[in-house]
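If you want the building blocks of each chain, they are given just below.
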Amino acid sequence: MGVRYIETLGRTGQGAGEFRTPLGLTIDEADRIYIADAGNNRVQVIDDAGNFMTEFGSRGWQTGEFDHPTDIALSFQRSYRLYVADTGNNRVQYCNFVDRIFYPLSESVDDILLDRPEGIGIGRNGEVYVVDTGNHRWIEFNVAGVPVVARGSFGSGKEQLWNPTDLDVDAHGNVYVVDTGNHLIKKYDFSGNPINTWGGEGDALGQLREPKCITLDEWNYLYVTDSGNQRIQVFAPDGKTITEFSAAALLDPAGIAVSKTGRVFVSDAEANDIKVFQVFRKK
């Protein structure tokens, strides 16, 4: 496979279609792009040409308000839901698209108090996976919002994490976690058991430096924003390196999403825009 840069969407600012520190992003079934516009404390929605469509939230601590949101996810399994990692408020909020009223994912549970959650993923049956960054772990919530699995503690061991920032879940329930502080990708099975690790600090192909976000495409390839190396790397589910790509103007790749047509959207947290690439299959 090959990947080429196509265009850039958005610019620095506070207006419609403008961004300040854009981070996590995702794509819906109509190719609309949802961006965690962290510096503007909102979620913006644009079409795949960069035209502004709508926005959610403003700065604050009430429900429906955000403090430095870092990631978003969409669930299509039940009612159509938008989940937001409201990082500065140490919580995850969600809403449906009928009333657009936000609710906390889970009321306070003594042993599941979140500390700077930065990443969200949706499982095959609508489960919600949260990267609890400040607690160096990830948590799976069932469709009722009850925590059922929690894995990780601070460190560099096989079952430990250091400031993890994102994750994604494949069709088999395997969980891929971006272990940013250890410069690794860690793979867990559907029960939360660690089964593979790859990466390691460096700039060679297959190595990582402060990776930030991860997403799966429809071929089950894993795209990782290798921010410290100012590039994106693509891996097979077993950790084999497929390719890497970048653009001359890509300063700080953060969030990433891949459309069904092979368009790759990468939020550039430093340039305050969205870089767009196209995947093409080599014959």
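A brief report on the enclosed structure follows. All values reported here derive from a predicted model rather than from experimental measurement.

## Section: the environment of Asp179
- Here Asp179 is to be found in strand β17 (residues 175–179).
- A relative accessible area of 0% means that Asp179 is categorised as buried.
- When the C-alpha positions of Asp179 and Ser156 are compared, they lie 9.3 Å apart, and in sequence the two are 23 residues distant.
- Residues within four places of Asp179 in sequence aside, it is in contact with Gln160, Leu161, Trp162, Pro164, Leu184 and Lys186.
- Within the local environment of Asp179, its side chain forms a polar contact with the side chain of Asn182, the two groups lying 2.9 Å apart.
- For Asp179, the side chain forms a polar contact with the side chain of Lys186, separated by 3.3 Å.

## A closer look at the sheet that holds strand β21 (residues 222–226)
- If you trace the four strands from one edge of the open sheet to the other, you get β20-β21-β22-β23, paired in antiparallel fashion. Since the sheet does not close on itself, it has two edges, and those belong to β20 (211–216) and β23 (241–245), each with one partner. Recorded for the sheet is a direction-independent mean angle of 20° between the axes of neighbouring strands.

## Here we look at the sheet that holds strand β11 (residues 103–104)
- Pairing is antiparallel in the open sheet, where four strands are placed in the order β8-β9-β10-β11. Every other strand in the sheet has two partners, leaving β8 (71–75) and β11 as the edge strands with one partner each.
- In terms of strand pairing, strand β9 (residues 81–86) meets strand β10 (residues 91–96) through six bridges, oriented antiparallel. Note that in β10 the partner of Asp86 across the bridge is Arg91.

## Description of the pattern of salt bridges
- Scanning the model with the defined rule gives 17 salt bridges in all.
- A salt bridge links Arg116 to Glu118; its shortest N-O distance comes to 3.5 Å.
- Linked through salt bridges whose partners overlap, the residues forming this network are Glu7, Asp48 and Arg263.

## A closer look at unusual backbone geometry
- With a phi close to 55°, Asn41 is a non-glycine residue in the positive phi region.
- Position of Asn41 among the secondary structure elements: in the loop between β5 (33–37) and β6 (42–46).
- Asn41 gets classed as buried once you look at its relative accessible area, which sits at 9%.
- Its identity is not glycine, yet His68 carries a phi of approximately 55°, on the positive side.
- Within the secondary structure, His68 is located in the loop between β7 (52–56) and β8.

## Details of the environment of Val148
- Along the chain, Val148 falls in strand β15 (residues 147–151).
- Classification of Val148 by relative accessible area gives partly exposed; the value is 46%.
- Separated by 21 residues in sequence, Val148 and Glu127 place their C-alpha atoms 9.8 Å apart.
- Leaving out residues up to four positions away in the same chain, Val148 has contacts with Glu140 and Asn142.

## Side note on the side chain of Gln44
- Turning to its location among the elements, Gln44 is positioned in strand β6.
- Using a relative accessible area of 0% as the deciding quantity, one classes Gln44 as buried.
- Within the local environment of Gln44, its side chain forms a polar contact with the backbone nitrogen of Gly17, the two atoms lying 2.9 Å apart.
- Among the polar contacts listed, one links the side chain of Gln44 to the backbone oxygen of Glu18, at a separation of 2.5 Å.

## Brief notes about the packing of aromatic side chains
- Summed over the entire model, instances satisfying the criterion amount to 15 aromatic pairs.
- A ring pair is formed by Tyr80 and Phe97, whose centres lie 4.7 Å apart and whose planes are at 50°; its orientation type is tilted. Note that Tyr80 is positioned in the loop between β8 and β9 and Phe97 in the loop between β10 and β11, a separation of 17 residues in sequence.
- On the accessibility criterion, Tyr80 (24% relative accessible area) is partly exposed.
- Given a relative accessible area of 28%, Phe97 falls into the partly exposed group.
- Ring pairing ties together the aromatic residues Tyr34, Phe56, Phe66, Phe76, Tyr80, Phe97 and Phe102, which thus form one cluster.
- The residue whose ring lies beneath Arg100 is Phe56, and the NZ or CZ to ring-centre distance is 4.0 Å.
- The ring of Trp219 has Arg281 lying over it, and the distance from NZ or CZ to the ring centre is 3.7 Å.

What counts, and where the lines are drawn
- Residues numbered from 1 in each chain as written.
- Predicted model: local features only at pLDDT ≥ 70, side-chain atom pairs only at ≥ 80, totals over all residues.
- Heavy atoms only, no water.
- Helix = DSSP H or I, 4+ residues; strand = E, 2+ residues; numbered from the N terminus.
- Buried < 20%, exposed > 50% of the residue type's maximum accessible area, 1.4 Å probe, protein only.
- Contact = heavy atoms within 4.5 Å.
- Polar contact = N/O pair within 3.5 Å; in protein donor to acceptor, adjacent residues only side chain to side chain.
- Pairing = 2+ DSSP bridges.
- Axes fitted to C-alpha atoms, helices over the stretch in contact; angles between N-to-C directions.
- Salt bridge = Lys/Arg side-chain N within 4 Å of Asp/Glu carboxyl O.
- Phe/Tyr/Trp six-rings, centres within 6.5 Å; stacked < 30°, edge-to-face > 60°.
- Lys NZ or Arg CZ within 6 Å of the ring centre and 35° of its normal.

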